[in-house]
Amino acid sequence: MREVVEWDTGIREPLASFAPGAAVLVLVEGEAGTGKTRFVRWLLGLPELGRMPRLTVAFTASGASVHEESARPTGTAQPRPAARTCTSLGELPVLIGARAPTLLVAENVHRAGEQDARALRAVLAHPPAGLRAVLTYRPEELARHGLMLGAPVGYPAELTILRRRLGPLTVEAVREMAVAALGEERCPARFVTRLHERSGGIAQVVADLVTELKTAGPPADGSATPVGRHRLTAADVDEAAVPVRLMELVVGRMATLDEKQQRVVSAAAVLDAVATEDELISVAALSTGGRAALIAALSPSPLHEVGPGRYGFRVPMESAAVYQLLPGPVRWELHGRAAEALKARRPVPWERLARHQLASGRIADWLESVENAAREAAEAGDHQLTISLIEDTLAHPEVPPSERARLARILTRSANDGLGSDRTAKVLRRLADDPALPTVVRGEIRLNLGIFLYNQVGRGHDGRAEVAKVAEELSDSSPVLAARAMATLAMPFLTGVPLAENLAWLARAEATAAESGDAVVQAAFASNRSSVLCATGNADGWRHVARLPRKCDDPRILRYSIFGLANAAELAVWLGEYARARELTAECVSMWARCKQPYWEQSALVTSMHLDLRTGQWAGLADRARTLVAEAGGPRVSNARLVLGLLALAKGEWDQVDTYLSGSELLGDDANAHEMAAASGGRIRLALTRHDPEAATREGAEAWARLQAKGVWVWAAELAPWAVEATSRAGDLDTARQMVDEFAAGIAGRQAPAATAALTWCRAMLAEADGELQEAAEHFQLARTHFQALPRPYEAALTAEAGARCALAGGWRISASISQLEAAARELGALGAAWDVARVRTKLRNHQPAERRRPGRPGYGERLSPREQEVAALAGAGMSNREIATTLYLSPRTVEQHVARALRKLGAASRRDLALLDRNSEPPG
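Note that the structure is a prediction, hence the values are computed from the model and not measured.

## Thoughts on the overall build of the chain
- Looking only at helices and strands, the chain features 45 helices and 10 strands.
- The proportion of buried residues among the 925 residues of the chain is 54%.
- Accessible surface for the chain amounts to roughly 39,600 Å². Of this, 52% is attributable to carbon and sulfur atoms.

## Details of the confidence of the model for the chain
- Summarising the model, the chain shows a mean pLDDT of 85, and 87% of its residues fall at 70 or more.
- The low-confidence segment residues 220–227, where pLDDT is below 50, has 8 contacts with residues more than four positions distant or belonging to other chains.
- In this model residues 917–925 is a low-confidence stretch, pLDDT under 50, and it forms 13 contacts with partners more than four residues away in sequence or in other chains.

## What about the sheet that holds strand E9 (residues 303–307)?
- Read across the sheet, 3 strands follow the order E8-E10-E9 without closing on themselves; strand pairing throughout is antiparallel. At either end of the open sheet lies a strand with only one pairing partner, and these are strand E8 (275–276) and E9.
- Here 2 bridges tie E8 to strand E10 (residues 310–313), and the two strands are oriented antiparallel to one another. Note on E10: the bridge partner recorded for Thr 276 is Arg 310.

## What to know about the packing of aromatic side chains
- A complete count under the given rule lists 8 aromatic pairs for this structure.
- Centre to centre, the rings of Phe 39 and Trp 42 are 5.8 Å apart; their planes meet at 25°, and the pair counts as stacked. In this pair, Phe 39 and Trp 42 both sit in helix H2 (residues 36–44), 3 residues apart, roughly one turn of the helix. Considered together, Phe 39 and Trp 42 belong to a single accessibility category, that of buried residues.

## Observations regarding the pairing of strand E3 (residues 63–69)
- Bridge analysis of strand E2 (residues 54–60) against E3 gives 7 bridges, and the strand direction is antiparallel. Looking across to E3, one finds that Arg 54 is bridged to Glu 69.
- Adjacent in sequence and paired antiparallel, E2 and E3 are bridged by 2 residues.

## Some points on helix H8 (residues 203–213)
- Among the residues of H8, Ala 203, Val 205, Val 206, Asp 208, Leu 209, Val 210 and Leu 213 are the ones counted as buried.
- Residues of H8 that are buried in the fold lie against H2, helix H6 (171–182), helix H7 (189–199), helix H9 (234–239), helix H10 (244–254) and helix H14 (316–324).

## Some thoughts on unusual backbone geometry
- Put simply, Arg 346 and Pro 347 share a cis peptide bond, and its omega is -5°.
- Along the polypeptide, Pro 347 turns up in the loop between helix H15 (328–343) and helix H16 (350–359).
- In the Ramachandran plot, Ala 285 falls in the positive-phi region, its phi being about 60° despite a non-glycine side chain.
- Here Ala 285 shows up in the loop between helix H12 (277–284) and helix H13 (290–297).
- Judged by its relative accessible area of 37%, Ala 285 falls in the partly exposed class.
- Of note in the backbone geometry, His 691 takes a positive phi value of approximately 55° without being a glycine.

## A short note on the packing of H6 against H8
- Across the interface, H6 lies against H8 with an axial gap of 10 Å and an inter-helix angle of 30°. Accordingly, the angle class assigned to the pair H6 and H8 is roughly parallel. Where H6 crosses over H8, the two elements pack in a sense that is right-handed. Together, Val 174, Met 177, Ala 178, Ala 181 and Leu 182 of H6 and Ala 203, Val 206, Ala 207, Val 210 and Leu 213 of H8 make up the contact between the two elements.

## A few points about the environment of Arg 291
- With respect to the helices, strands and loops of the structure, Arg 291 is situated in helix H13.
- Arg 291 gets classed as exposed once you look at its relative accessible area, which sits at 53%.
- Apart from the residues lying within four places of it in its own chain, the contact partners of Arg 291 are Glu 277 and Ile 281.

## Things to note about the packing of helix H31 (residues 638–651) against helix H34 (residues 673–689)
- Put simply, H31 and H34 touch, their axes get as near as 10 Å, and they point 20° apart. One finds that H31 runs roughly parallel with respect to H34. With respect to the hand of their crossing, H31 and H34 are arranged in left-handed fashion. Residue-level contacts link Ser 638, Asn 639, Leu 642, Leu 646 and Leu 649 of H31 to Glu 675, Ala 678, Ala 679, Gly 682, Arg 685 and Leu 686 of H34.

Rules used in this analysis
Residues numbered from 1 in each chain as written. Predicted model: local features only at pLDDT ≥ 70, side-chain atom pairs only at ≥ 80, totals over all residues. Heavy atoms only, no water. Helix = DSSP H or I, 4+ residues; strand = E, 2+ residues; numbered from the N terminus. Buried < 20%, exposed > 50% of the residue type's maximum accessible area, 1.4 Å probe, protein only. Areas by Shrake-Rupley, 256 points an atom, 1.4 Å probe, with all protein chains shown as cover. pLDDT = per-residue confidence, 0-100. Contact = heavy atoms within 4.5 Å. Pairing = 2+ DSSP bridges. Phe/Tyr/Trp six-rings, centres within 6.5 Å; stacked < 30°, edge-to-face > 60°. Axes fitted to C-alpha atoms, helices over the stretch in contact; angles between N-to-C directions. Parallel < 35°, antiparallel > 145°, perpendicular 65-115°, else oblique. Left-handed = near helix turned anticlockwise from the far one by under 90°.

Put into structure tokens, the structure is as follows:
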């Protein structure tokens with residue numbers, strides 16, 4: 001772990017530098033649970049200390065014990081000879097003097113009684129030559145501050161003292177501990193951050209909490225994920241019980257306090273945050289002796305001075321432990337006084353104040369504070385806090401209908417700007433069906449529920465049904481809400497809804513928004529109109545995007561502008577307008593500084609990843625996408641899963657392709673049509689590669705039928721080439737021609753560079769299938785030119801390969817075609833497309849002129865041959881011998897032999913280890 005590196009840097013070098021006869025004392029200071037024992041174990045494993053005769057003194061609440069061990073035999077790893085245990089420290093100076101040089105290890109010396117402490121002081125005041133002493137202690141439990149052995153030692157000048165203070169772990173160290181115990185997939189960043197906060201970074205508390213959380217469940221969202229397997233959240237940490245060790249430590253320390261001191265610590269526990277001296281004394285209701293009680297409580301209790309004049313718990317879970325010790329009536333009174341103390345602060349901490357008001361039964365005050373806190377958080381862009389506050393509040397039956405209506409409207413607005421959950425959907429559903437709320441309020445809630453279900457929960461058709469209900473039922477009573485609903489129904493992304501239906505809603509939305517005269521709803525319509533036009537490749541869409549206001553005093557209008565710009569940036573990637581996509585994404589990012597919206601910020605991350613995939617910026621891309629999928633999960637990051645699936649396909653990680661391109665987020669009834677088409681394109685290619693033409697043809701036919709029903713043909717760019725190839729290979733050329741003709745008619749007059757390049761690719765494939773190899777080679781070359789101009793280097797390399805294949809098969813331009821294959825191999829290699837590189841290099845070998853080959857079989861000794869490098873790379877990526885054989889046109893037996901030689905030459909223990917093949921060597925071919 002990282003802490004070991006830090007220990008090594010700070011201690012090992014000084015220890016190694018001392019002469020054998022020098023006396024050295026290492027003081028290890030740290031609060032309970034900070035890892036002193038682990039540090040000592042690490043020290044004892046160092047060669048400088050590990051072979052010395054050792055005296056180990058262990059202090060406990062019941063006394064001390066001495067453990068004596070002889071030296072380990074020099075130059076061996078044999079265990080030490082049998083040890084013996086003593087029970088008295090009285091003879092310690094004599095024992096050490098007789099066995100010099102000796103290693104003395106004394107742990108928890110803050111517990112040493114006066115007689116034992118005197119013995120240790122005697123040894124350290126007159127250390128024998130070569131003494132190495134390691135003493136650990138808790139500074140907060142010393143009887144006299146700064147004196148670890150109860151009195152001054154009188155250290156002699158010849159004794160070198162090294163001090164090591166062990167403090168809290170960093171967030172990264174906590175993450176490493178959590179991942180080691182729970183697995184990376186269960187430890188998203190928000191969970192780790194909360195684990196670090198609640199544990200205070202204390203190593204033992206982290207370890208105990210992680211053990212508790214191993215079996216945490218069931219998931220808070222009510223899903224069917226098995227207990228102990230779901231992705232953990234900050235809520236899981238908050239709901240975890242106080243670890244037994246920490247509870248016992250707190251109870252023991254509280255028992256040493258008198259009544260006034262306990263009241264001060266209890267006040268701090270109820271406040272559960274850093275507080276001033278006056279606040280603690282006020283909440284504790286100490287009219288006299290408050291300061292003295294606070295000062296006295298700081299030493300043995302969990303309470304600490306955490307800043308000048310500020311007091312609290314370094315480990316927040318200690319606060320929870322103290323809180324659990326308080327009887328109900330005492331907590332009630334303390335919360336009431338805490339509320340009064342916080343009301344006097346400026347600015348008022350509304351969220352904390354609300355919690356104390358609820359806990360002391362002040363319902364009206366609580367609701368007012370919750371509303372103030374929610375509005376304040378929403379205005380600051382902290383939509384997650386707004387969502388959490390209102391969801392928790394609406395769960396209480398004490399909330400009257402009038403208050404529910406106000407809070408519900410705040411919740412619905414934040415739910416679509418922030419990152420809600422299934423719980424959010426349930427709360428909104430309950431409110432939308434609440435007959436006690438006014439009709440218009442329920443309509444607004446239902447509209448936002450529908451948008452939320454589509455955007456964030458992956459229930460697009462359910463969400464659409466809710467929005468349609470608002471559009472029809474409120475068209476007369478609330479044209480503003482109806483216009484917003486109609487504009488939402490115009491968005492064309494959902495699978496299974498024909499474009500004609502979307503456009504009909506767009507026309508109705510335009511008329512209704514104009515009649516309403518409402519500037520905000522007109523901004524909502526303008527935003528969605530630009531998205532609909534851009535999505536379908538209508539060049540007018542970009543003109544409408546340019547008209548969206550970038551500056552406005554009304555944050556609601558600015559919010560809709562950001563929606564439109566973010567949608568336009570994503571659609572620009574799908575259309576092949578990559579420079580425009582980068583410009584729009586940068587513009588969105590600058591606007592988020594003024595109007596924070598986590599949902600759209602996350603969407604921009606996904607857009608950037610998709611853009612990097614298409615433009616060949618693959619370095620680190622898979623790691624970024626995996627992190628986002630692990631952090632966010634669900635339908636919000638379906639595009640990131642698409643990125644991972646297509647990258648895995650290019651690298652030959654075929655099992656991963658199935659994992660990422662088969663989920664309901666990409667292929668289910670509620671998936672986005674353009675993402676589903678791209679995922680199907682990847683699955684068709686995988687089936688073709690696996691020589692499963694039936695699966696490829698079936699996938700292609702089903703995906704094509706979905707696009708026909710949708711009617712947005714610019715989205716066929718990622719599907720059409722593979723669907724046409726699968727259909728052609730199956731021998732159904734008439735259907736393949738019909739597909740190409742339909743694709744061409746669908747994008748005629750559209751501004752969609754990616755679709756134009758894909759159509760040229762499709763025509764090349766048709767020509768090749770018809771045996772018109774020269775025409776095919778020309779079309780492939782033209783497609784390559786289109787893809788280079790976008791730029792899309794991966795597709796440019798694939799079409800270069802295909803064009804060279806046709807030319808070589810026709811027997812003309814041999815030298816130029818081989819050069820083109822070599823260029824394709826270099827381009828694919830630069831991207832890291834291991835599977836494609838291996839395939840292209842195999843074609844190169846099969847077509848290389850005889851005069852370019854050296855006679856005889858070259859010898860490579862213990863270096864990998866070019867073929868072995870190719871096989872090793874594919875095996876390391878996870879491909880089976882049969883899959884490698886298919887790719888490289890080899891027999892499975894030959895592949896097996898190459899894998900065996902690569903394992904032996906690299907000293908690799910398994911096929912996965914072959915992934916560590918040295919990438920710095922010159923690629924073969």
